[in-house]
Amino acid sequence: MMRGDYVNPKYKNAINDCVKIIAFVLAFLLVLEGLSLSVFSGRSAAKFSARLRDAYSFVDEPDNTIQLACIGNSNMYSGFVPFQLWNDYGYTSTVCASPFQSVEESLGLMEKMYKTQSPKLVLVETDMFYGSYPKKNSSSKRTLSDYFGFVKPDYFEDGVRNVFSTFVFHNRWKLAHSYKNSSFVKTHGYRFSDKETNIPKKDYMAPDNNIEEIKPKDIECINRLVNYCQSKGSKVVFVTMPCANGWSSGRHTAVENYCKENNIEYIDLNNAYDSIGIDMQTCYRDEGTHLNFEGAKKTTDYLGTIIKNYGTLDSKSNDAKYSYWTEASEKFYAYTKK
């Protein structure tokens, strides 16, 4: 044997171990991808994920029947009632929101939605802009803290979720049988609550010179979300739902500045309590973060007037193709009265 052909057994074993590890990882990724595309798809999410079920409600809609998409976190799914908009104006809508939903996750949802739907209008709730997730920045060098940031639970959860949905739904498939046999009231993403919490009145939107800037890494993701929706032909409008416990004039100013710079319409409902009819003593279900059903109906009515004035959407109330909306609406409102 020539000297050049000799391989130290120690290195040979190490090479073999590396090959085995790489082969295992590749096989594991293929299995994950297969499960994500089949068993744990977005359609499964709409049925079996407690957190994301409502956010993925659009997957059960007939193709190209949703006119308005509302994207955001729990403030959105607590404050917008699609059936209220349908009854008042005949517009079809869906709420793509989940607890603590990030902008990154919202972008992933919209990418899935546009595969089957073509919403003409997208309402983007702004409270989620203040959730921070470490992102790769190709223009700067990484620091050690950046690498530790990548393994934070919130970042890992959002990042992996957008690639492999099986991580989200892995413990839900067993619920399939019980779900199919349950009595299900469709809400198009809205989460109903008639709980009423009396909170003290406070002027939390008083003018303040302290602007709470949106972090650059979040701005980057907001830009991607807006550009993507606009590239699909949707009008994008930013909306801040009433939130007495968390929102402020400093956040309002930061979002307003972004909208002015990017030519986006901005509606901050925290400055329109009187016009909407919001009463802090009757319209919240908690200490001032989430609206109850009474508050959500009023907020939806107010937004409906604005949406109608856009002239972007046409009423489907007299279109037989959409009669199922009326039937589902009757079932929903019957449920809310129980």
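See the structure above.
Everything numeric here is computed off the predicted structure, so don't read it as measured data. (Residues numbered from 1 in each chain as written. Predicted model: local features only at pLDDT ≥ 70, side-chain atom pairs only at ≥ 80, totals over all residues. Heavy atoms only, no water.)

Colleague: What should I look at first to understand helix α4 (residues 82-89) in this one?
Modeller: Residues three or four positions apart in an α-helix share a direction because the helix packs 3.6 residues into each turn. Counting buried positions along α4 yields six of eight residues, so the element is predominantly enclosed. Burial in α4 covers these residues: Pro82, Phe83, Gln84, Leu85, Trp86 and Tyr89. Check the buried side of α4 and you find it contacts β1 (68-72), β2 (93-97), α13 (293-310) and α14 (323-336). A positive backbone phi angle near 75 degrees is found at glycine 90, which sits one or two residues after α4. (Buried < 20%, exposed > 50% of the residue type's maximum accessible area, 1.4 Å probe, protein only. Helix = DSSP H or I, 4+ residues; strand = E, 2+ residues; numbered from the N terminus. Contact = heavy atoms within 4.5 Å.)

Colleague: For this particular structure, what's the right way to read the packing of aromatic side chains?
Modeller: Scanning the entire structure with this criterion turns up 17 aromatic pairs. Relative to phenylalanine 58, the ring of tyrosine 56 has its centre 5.9 Å away and its plane inclined at 25 degrees; by these criteria the two rings are stacked. Residue tyrosine 56 is classed as buried on the basis of its relative accessible area of 5%. The buried category is assigned to phenylalanine 58, whose relative accessible area is 1%. Ring plane angle 70 degrees and centroid distance 5.6 Å describe the contact between phenylalanine 192 and tyrosine 335, whose orientation is recorded as edge-to-face. Of this pair, phenylalanine 192 sits in the loop between α9 (176-180) and α10 (216-231) while tyrosine 335 sits in helix α14, placing them 143 residues apart in sequence. Classification of phenylalanine 192 as partly exposed rests on a relative accessible area of 23%. (Phe/Tyr/Trp six-rings, centres within 6.5 Å; stacked < 30°, edge-to-face > 60°.)

Colleague: Explain the environment of glycine 277 here, please?
Modeller: When you line up the elements, glycine 277 lands in the loop between α12 (273-276) and α13. For glycine 277, a relative accessible area of 29% gives the class partly exposed. Once the C-alpha coordinates of glycine 277 and threonine 299 are considered, the two residues, 22 residues apart in sequence, prove to be 8.3 Å apart.

Colleague: Even after reading the chapter, I still don't get the sheet that holds β2, so can you show me in this structure?
Modeller: Whether parallel or antiparallel, the strands of a sheet pair through hydrogen bonds between backbone atoms. Reading across the sheet, the five strands line up as β2-β1-β3-β4-β5 and stay open at both edges, with parallel pairing between neighbours. Each edge of the open sheet carries a strand with a single partner, namely β2 and β5 (265-268). The average angle at which neighbouring strand axes cross in this sheet is 20 degrees, direction not considered. Sheet analysis places β1 next to β2, joined by five bridges and oriented parallel. In the sheet register, alanine 69 faces β2, and the bridge partner there is threonine 94. The strands touched by α10 are β3 (121-125) and β4 (235-240); relative to β4, the strand with the most contacts, the crossing angle is about 140 degrees. (Pairing = 2+ DSSP bridges. Axes fitted to C-alpha atoms, helices over the stretch in contact; angles between N-to-C directions.)

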